[in-house]
Amino acid sequence: MDLLIVGSGFFGLTIAERAAASGRRVTVIDRRHHIGGNAYSEDEPETGIEVHRYGAHLFHTSNPTVWEYVNRFTTFTDYVHRVYTNHKGVVFPLPINLGTINQFFAAAYSPDEARSVIHELAGEFDAKDARNLEEKGIALIGRPLYEAFIRDYTAKQWQTDPRNLPAEVISRLPVRYTYDNRYFNDTWEGLPTDGYTAWIERMADHPLIDVKLSTDFFDDTQPLNKAATVGRVPIVYTGPIDRYFDDAAGALSWRTLDFEQEVMPVGDFQGTPVMNYADADVPFTRIHEFKHFHPERADRHPADKTVIMREFSRFANRDDEPYYPVNTPDDRAGLLAYRELARGEKDVFFGGRLGTYQYLDMHMAIGSALSMWNNQLA
Ligand code: FAD
Ligand code: UDP
């Protein structure tokens, strides 16, 4: 073995694929029973509808290198992501756009009129100097829209005072003074034509790649454990960085999700793939309805059944799957300590969402894996 990769998500698989393509023998271990990390999907058995096991995954990128790379393993549908949100029993389009603003104020503002109304309402903070999510949110859309669509949803999702969350979390969403309600701004967007798992399996399908599932790096009873491998073979580690060091600099805060899946006896439950619930009195953040991600598969989907999944968010305990880095000021201090420890770990390379404690999307995980391969490992 030339390289051990801990974690078979997009980061680990991109490194594995590049290493194997250049003639290196690679072993990938994952503690789950399947490859693909959080992008894994499978068909719901009763309906045959593809379900994204860890929440809806939408591929989008403006990076030509990443787009060329991913197209080696899959084609993409022409799916364009749009999200709606339910506030006080009324449905509004997201991200905040002219349609949202006019519906909220029961108005017919032109783009310039809407800009000046929002400017007036947003005067408390300047977007350039915003120090946290709350200041940035108010600076971008003004307090009334912030309180309706962002404040309580964010509280449900992060369970952290928005003044302790980084401004970048809200900067992920565009604000538009047109009726364009595409959720993403990227050049390329789509869903893998024959599903995420087919894509992921093609990345791992190489005689020089050996995948061992249900294998935990920290389980001393399996031969590829940490004590037996560090210092003996180069390692790419994509699990949580604090866990690697046994929380030596304190546990970082992570958010986990609980999913409640249900097959509904109706052809169409909500008429759209993702409906957010903005208000505090609804305990879940959003409902995914998977058949809407693939309208081109309509003839394969049952006409009288649909699969929905409610998403609940909470802090991760030690035994939960960590999904999102919370990134409070305390976490950022802890992360600096872990980065220092990581620098001292010879021939161990930390990558991916968990290994770098960064809110990475798939294209970012793949892009940073390609850079790590080219710049550090090749
Ligand atoms: P992961 O996919 O998390 O893979 C890490 C792997 O490491 C896991 O399989 C884990 O089991 C394994 N592992 C951890 N510890 C150990 C250990 N001790 N031993 C062995 N294996 C271990 N991105 C988008 O672009 N669009 C989206 O719409 C989108 N939606 C998302 C929704 C949710 C709910 C989540 C959580 C993420 C979403 N993402 C989305 C992000 C996307 O999942 C990640 O960017 C991408 O999967 C990151 O890949 P990764 O390899 O870094 O991590
Ligand atoms: N957000 C919100 N209301 C919404 C949608 C998003 O307040 O209806 C905020 C929330 O803080 C969230 C962030 O915007 O964490 C980023 O949203 P995104 O949909 O990108 O989150 P993800 O899909 O990664 O969970």
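The shown structure was predicted, so the numbers you read here are calculated from the model rather than taken from an experiment. (Residues numbered from 1 in each chain as written. Chains lettered and ligands numbered in written order. Predicted model: local features only at pLDDT ≥ 70, side-chain atom pairs only at ≥ 80, totals over all residues.)

**Brief notes about the sheet that holds strand β10 (residues 235-237)**
Part 1 of the reasoning: Read from one edge of the open sheet, five strands run β9-β2-β1-β10-β16, paired in parallel fashion. In the strand order of this sheet, the two ends are held by β9 (209-212) and β16 (348-350), each with one partner. Sheet twist, expressed as the mean angle between neighbouring strand axes with direction ignored, is 20 degrees.
Part 2 of the reasoning: Strand contacts of helix α1 (residues 10-21): β1 (3-6), β2 (26-29), β9 and β10, with the helix running at about 165 degrees to β2, the strand carrying the most contacts. (Pairing = 2+ DSSP bridges. Helix = DSSP H or I, 4+ residues; strand = E, 2+ residues; numbered from the N terminus. Axes fitted to C-alpha atoms, helices over the stretch in contact; angles between N-to-C directions. Contact = placed C-beta atoms within 7 Å.)

**Examining the UniProt feature "domain: UDP-galactopyranose mutase C-terminal" (unreviewed entry) in the protein chain**
Part 1 of the reasoning: Under the local residue numbering, the UniProt record ascribes the feature "domain: UDP-galactopyranose mutase C-terminal" (unreviewed entry) to residues 148-359.
Part 2 of the reasoning: Here residues 148-359 runs as 25% helix and 21% strand, with 24 Å between its end C-alpha atoms. (UniProt positions renumbered as here; feature names shortened; annotations may be inferred.)

**Structural notes on the environment of Thr238**
Part 1 of the reasoning: Mapping Thr238 onto the fold places it in the loop between β10 and α9 (241-244).
Part 2 of the reasoning: Spatially, the C-alpha atom of Thr238 lies 22 Å from that of Ala198, the residues being 40 residues apart in sequence.

**A closer look at the site of ligand 2**
Part 1 of the reasoning: Around ligand 2, 13 residues are found, and the nearest of them are Ile150, Tyr153, Thr154, Arg172 and Asn276.
Part 2 of the reasoning: Counting residues per element, the ones that place at least two in the shell around ligand 2 are α5 (133-158) and α6 (168-171).
Part 3 of the reasoning: Ranked by residues supplied to the shell around ligand 2, first place goes to α5 with five residues.
Part 4 of the reasoning: For the shell around ligand 2, a count of residues per class yields eight nonpolar, four polar and one charged. (Near = placed C-beta within 6 Å. Nonpolar A, V, L, I, M, F, W, Y, C, P; charged D, E, K, R; others polar.)

**Some words on the domain arrangement of the protein chain**
Part 1 of the reasoning: Taken domain by domain, the protein chain consists of domain 1 (3-44 + 194-251 + 325-377) and domain 2 (95-177).
Part 2 of the reasoning: Each of domain 1 and domain 2 was reduced to a C-alpha centroid, and the two centroids are 35 Å apart.
Part 3 of the reasoning: On the side of domain 2, five residues touch domain 1, which itself brings five residues to the contact.
Part 4 of the reasoning: The residue makeup of the side of domain 1 that touches domain 2, split by class, is three nonpolar, two polar and no charged. (Domains from an automatic or database assignment.)

**Regarding the site of ligand 1**
Part 1 of the reasoning: Close to ligand 1 lie 35 residues, the nearest being Gly7, Gly9, Gly37, Gly239 and Gly352.
Part 2 of the reasoning: Here the residues of the shell around ligand 1 are counted per class, giving 17 nonpolar, twelve polar and six charged.

**Quick notes on the sheet that holds strand β13 (residues 286-289)**
In sheet architecture, strand pairing relies on hydrogen bonds along the backbone and comes in two forms, parallel and antiparallel.
Part 1 of the reasoning: Spatial strand order, β7-β6-β12-β13-β14-β11-β15: seven strands in an open sheet with mixed pairing. Because the sheet does not close on itself, it has two edges, and the strands there are β7 (90-93) and β15 (324-325).
Part 2 of the reasoning: Across four bridges, the pairing between strand β6 (residues 83-87) and strand β12 (residues 274-277) is parallel. Pairing of Asn86 across the sheet is with Tyr277, part of β12.

**Remarks on the nonpolar core**
Part 1 of the reasoning: In this structure, Ile5, Ile15 and Ala16 are the most contacted members of the largest nonpolar core, which totals 82 residues.
Part 2 of the reasoning: Looking at which element gives the most residues to this core, the answer is α5, with twelve residues.
Part 3 of the reasoning: Here this core spans two domains, since at least three of its residues come from each of domain 1 (3-44 + 194-251 + 325-377) and domain 2 (95-177).
Part 4 of the reasoning: Excluding its chain neighbours within four sequence positions, the residues that come into contact with Ile5 are Gly12, Ile15, Ala16, Val26, Val28 and Val236. (Core = buried A, V, L, I, M, F, W, Y, C linked by C-beta atoms within 7 Å. Buried ≥ 20, exposed ≤ 12 C-beta atoms within 10 Å, placed from the backbone.)

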